[in-house]
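The lines below spell out each chain.
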Amino acid sequence: MIQNTLSEHDLILYLQSGESFALEYIYDHYSSSLYGIILKILQGRIEIAEDVLQEALMKVWLNRELYNSAKGSIFTWMLNIARNTAIDKLRSTELNAQAVNRVPFDSVSIDEEVHSKTPDYAESANLREILSKLPKEQLQIIELMYFQGYTQSEIAKEFSIPLGTIKSRARLAIETLRAIFTEELKGTDNNNSNPVKKEILLAIIFVLNSGISQEADLNTNNTSGLPSNLPENHCSLSLQNTI
Amino acid sequence: MSEIHNIDDEQNTENDAAIYALGGMTNSESDKLKSIEDKHLKEKITDSEKVIEILARSASINPSPSLRPKILQKIIGNPFPSTVILSLRSRLKSTYRYAFAASILFTVSTTTALYLYNENTNTLTELNTVRNELTRNKYDISVMASKATVLDTRLALLSNPNTVEVFMKSVKKDSSAKNSHTTVYWNAKESSVHLEVHSLPSNNDSTDYQLWALVDGKPRDLGVFHSTVSPFIFRMNSTDSADAFAITLEPKGGRPSPTLENLTVLGNAPKLNIQ
C-alpha cells in the first residue's frame, strides 16, 4: 500500500512518465471507487468485476499519454474508462447469455418497489442510501444512463419519454445529488457518528480536495483527521446551487 | 422576455452538462459539446462531474486484497524489464525537475514524515538532511529530487506493516567490496520485493548484479540490475517465500543459477507466519 499523498498534478506527471509507482498509487487510492462502480454496473458479479477492474487499469496504463487535464480530472477520466469497460462487458454476449435483465424499469417497476427493493448483490451501503433519496423518476435516469449505459436517445425511444423530459430529469438528478452531498457537508459540525455518513463526507472531501491544490497543504496542528485545506470557496462553487 | 430566454439557456446548459456527466451522450454528441468554447458550459460540466465523482467515491468497495499483486503484476510486471528503477531523474523532462523536487520534498517532509514519525526516526533524520541540503544547494536539485523520491518510496514501503527489511552484508574480505551492503524490502503477503543499493562495487559493461531468493536451499532468480549508484530503489521480481536473499555478480543479463564465487552480499530473511 503506497500511503503517501500525491497532488493530482504530481500523480499525472508520474503516470505519464511511465513510473510503475504511479499505477500502484492509483490502485491504492482509486481502485475501490472504480471497483464499486464496476460492481454496481455488473450487478454484483464479483469475478467479472475483478476482470473488468484489471482491464480498466490496463487501459489507464496503456492510454496514460492520452489523458489531458484540460478535459477534466484524472479521477473522472479513470471513472469513465472503468464505467465504459464495465458497460461493454455488461452488453457482451457472455452476460446476455446469462439472461441479464438490462431493463429493471419497465412500466410495472417504476413505483415504490424501486425504493424498497434491496439488491440481492453486493452494493455499497452508501450508494444505496444516496440513491434511495432520489425521486423515482430521477433514480430511473441515473440507473439507466449511468449504470446501464443507455444514451438519452435510447431512453427516449425505449421508454417513450420525451427527450426534453429526460434532459431535465438528468439535471434534476444531478441537483438532487448535489443537495444530498451539501447536506452531508453542512452536517459536519453535528459530530456525525453515523459511519455511512462519515464515509460520504470523506468522499466529498476527497473529491473537492483533489482538484484544487497542486501541493498538499497539511496543517500540522490539525487533529481532526481531515485535511485542513478543505476549500470553502470551492465547496460553494461546486455546490452553490443548493447552499 | 430576455430574462426568460436566459433562464432557458441556463437550464439547457445545465441539462447538457448533466447528460454529459452521466454518460448519456453518444460519442459524436459529447465530442460536439466538448468542442464548444464556452467557459460557463465547461464549469457546469466540471461541477456535474464532481457530483459523479463524489457518488463514485461514496460507492467504494474494496476489492479482494489478493487482486492487488495480481493486477499490478499483470499490467506492469510482464512488459517491463525485471527491474524498474524508481528514480525519476532519468525519465523526467528537465523542465519538470525543479517543480518536482519542490513538491516531492514537500510531500515527504509533511504528510509522510508525520505518518511515520515514531517508526522511522533514522529515515526522518536523513529526510531533514536532504531538506537542508536542498535549501543550501540549488545546483543539485535534481539529485535531491531523486534522493527524496527514494526516501519517499522507502517510507511508503516501510509504512506497510507486512514489509520486512532484510539487511544484506558483504561476504567479501577484499577492500573494494568489504563495505558492500544492500537492503531488501520484502512484503511476503503481496510477494513484492524492492531492493535498495547502499553500496556495491561498480560493475563494467559486461556484468550485471543479480538478486536471488534462497527458498528451501534453492536459488530463485529475482532479476538483474546494473546501476550501483546510490540511492536507488529497484522493484525486483516477486517471491512469496524466502529464507535468505543474496546478490551475485554475473555476466550481462544474468544466469539461471548463481555463480557462488561471485556472491557479494547476503542477508537472512526472518521467519514469517503468513496465512
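The shown structure was predicted, so the numbers you read here are calculated from the model rather than taken from an experiment.

Novice: Would you mind going over the overall build of chain B in detail, with residue names and values included?
Specialist: The helix and strand inventory of chain B stands at seven helices and nine strands. Expressed as a percentage of its 275 residues, the buried residues of chain B come to 50%. Taken as a whole, chain B presents about 13,900 Å² of accessible surface, with 51% of it coming from carbon and sulfur.

Novice: Break down the pairing of strand β4 (residues 192-199) of chain B for me, with residues and values.
Specialist: Residues and elements named next belong to chain B. Summarising burial for β4: six of the eight residues are buried, a large majority. Across seven bridges, the pairing between strand β3 (residues 181-187) and β4 is antiparallel. In the strand pairing of β4, threonine 183 is matched with glutamate 196. Where β4 and strand β7 (residues 232-236) come together, five bridges link them in antiparallel fashion. Bridging from a neighbouring strand, leucine 195 pairs with phenylalanine 234 of β7.

Novice: Would you mind going over the pattern of salt bridges in detail, with residue names and values included?
Specialist: Any two side chains of opposite charge can pair, so long as their charged atoms come close to each other. Taken as a whole, this structure holds 17 salt bridges over all chains when the rule is applied. In this structure, the salt-bridge partner of A:Glu24 is B:Arg68, at a minimum N-O distance of 3.5 Å. Separated into two different chains, A:Glu24 in helix α2 (residues 20-41) and B:Arg68 in helix α4 (residues 67-77) make up a pair that spans both. Neither A:Glu24 nor B:Arg68 differs from the other in exposure class; each is buried. With a shortest N-O distance of 3.8 Å, B:Arg220 and B:Asp240 are connected by a salt bridge. Of this pair, B:Arg220 sits in strand β6 (residues 218-225) while B:Asp240 sits in the loop between β7 and β8 (244-251), and the two are 20 residues apart along the sequence. Salt bridges sharing common partners tie together A:Glu24, A:Asp28, B:Arg68, B:Glu190 and B:Arg235.

Novice: Residues and numbers for the nonpolar core, please.
Specialist: Grouped together as the largest cluster of nonpolar side chains are 87 residues, with contacts concentrated most on A:Leu53, A:Ile142, A:Phe147, A:Leu177, A:Phe181 and B:Leu22. It is α2(A) that provides the largest number of residues to this core, a total of 13 residues. By size, the runner-up hydrophobic cluster in this structure holds 24 residues, among which are B:Val184, B:Leu211, B:Met236 and B:Val265.

Novice: Any chance you could break down empty space enclosed by the protein for me, citing the residues and the numbers?
Specialist: What the rule picks out here adds up to two cavities of 30 Å³ or more. By volume, the largest cavity amounts to about 70 Å³. Lining the largest cavity we find eleven residues, and of these A:Ile174, A:Arg178, B:Glu14, B:Lys44 and B:Ser48 sit closest to its centre. Contributions of two or more residues to the lining of the largest cavity are made by α10 (163-186) of chain A together with α1 (2-21) and α3 (39-58) of chain B. A per-element tally of the lining of the largest cavity places α10(A) first, with four residues.

Novice: Before we move on, could you go through the layout of surface pockets and cite the residues and values that matter?
Specialist: Counted as a void, the second largest pocket has a volume near 970 Å³. Elements supplying a minimum of two residues to the lining of the second largest pocket: α4 (74-91) of chain A together with α1, α2 (27-35) and α3 of chain B. The leading source of residues in the lining of the second largest pocket is α4(A), at ten residues. Grouping the amino acids of the lining of the second largest pocket by side-chain chemistry returns eleven nonpolar, twelve polar and seven charged.

Novice: Quick one: what's the story with the confidence of the model for chain A, residue by residue and with numbers?
Specialist: Residues and elements named next belong to chain A. Across chain A, pLDDT averages 74, with 65% of residues at or above 70. Throughout residues 99-121 the model reports pLDDT below 50, and contacts reaching past four residues in sequence, or to other chains, amount to 37 contacts. Confidence over residues 211-243 falls short of pLDDT 50; this stretch has 56 contacts with residues more than four positions distant or in other chains.

Novice: Report on the packing of aromatic side chains, specifying residues and quantitative values.
Specialist: Summed over the entire model, instances satisfying the criterion amount to eight aromatic pairs over all chains. Look at A:Tyr150 and A:Phe159: their rings are 5.8 Å apart centre to centre, the planes differ by 65 degrees, and that puts the pair in the edge-to-face class. In this structure A:Phe159 comes out as buried when scored by relative accessible area, which is 16%. With a centroid separation of 5.7 Å and an interplanar angle of 25 degrees, the aromatic rings of B:Tyr209 and B:Phe225 are classed as stacked.

Quick notes on the rules
Residues numbered from 1 in each chain as written. Chains lettered and ligands numbered in written order. Predicted model: local features only at pLDDT ≥ 70, side-chain atom pairs only at ≥ 80, totals over all residues. Heavy atoms only, no water. Helix = DSSP H or I, 4+ residues; strand = E, 2+ residues; numbered from the N terminus. Buried < 20%, exposed > 50% of the residue type's maximum accessible area, 1.4 Å probe, protein only. Areas by Shrake-Rupley, 256 points an atom, 1.4 Å probe, with all protein chains shown as cover. Pairing = 2+ DSSP bridges. Salt bridge = Lys/Arg side-chain N within 4 Å of Asp/Glu carboxyl O. Core = buried A, V, L, I, M, F, W, Y, C linked by side-chain atoms within 4.5 Å. 1 Å grid on protein atoms, 1.4 Å probe; cavity = no way out; pocket = protein on both sides within 12 Å on 5 of 7 lines; lining within 4 Å. Points joined across faces, edges and corners; volume = space filled by probe spheres on them. Nonpolar A, V, L, I, M, F, W, Y, C, P; charged D, E, K, R; others polar. pLDDT = per-residue confidence, 0-100. Contact = heavy atoms within 4.5 Å. Phe/Tyr/Trp six-rings, centres within 6.5 Å; stacked < 30°, edge-to-face > 60°.

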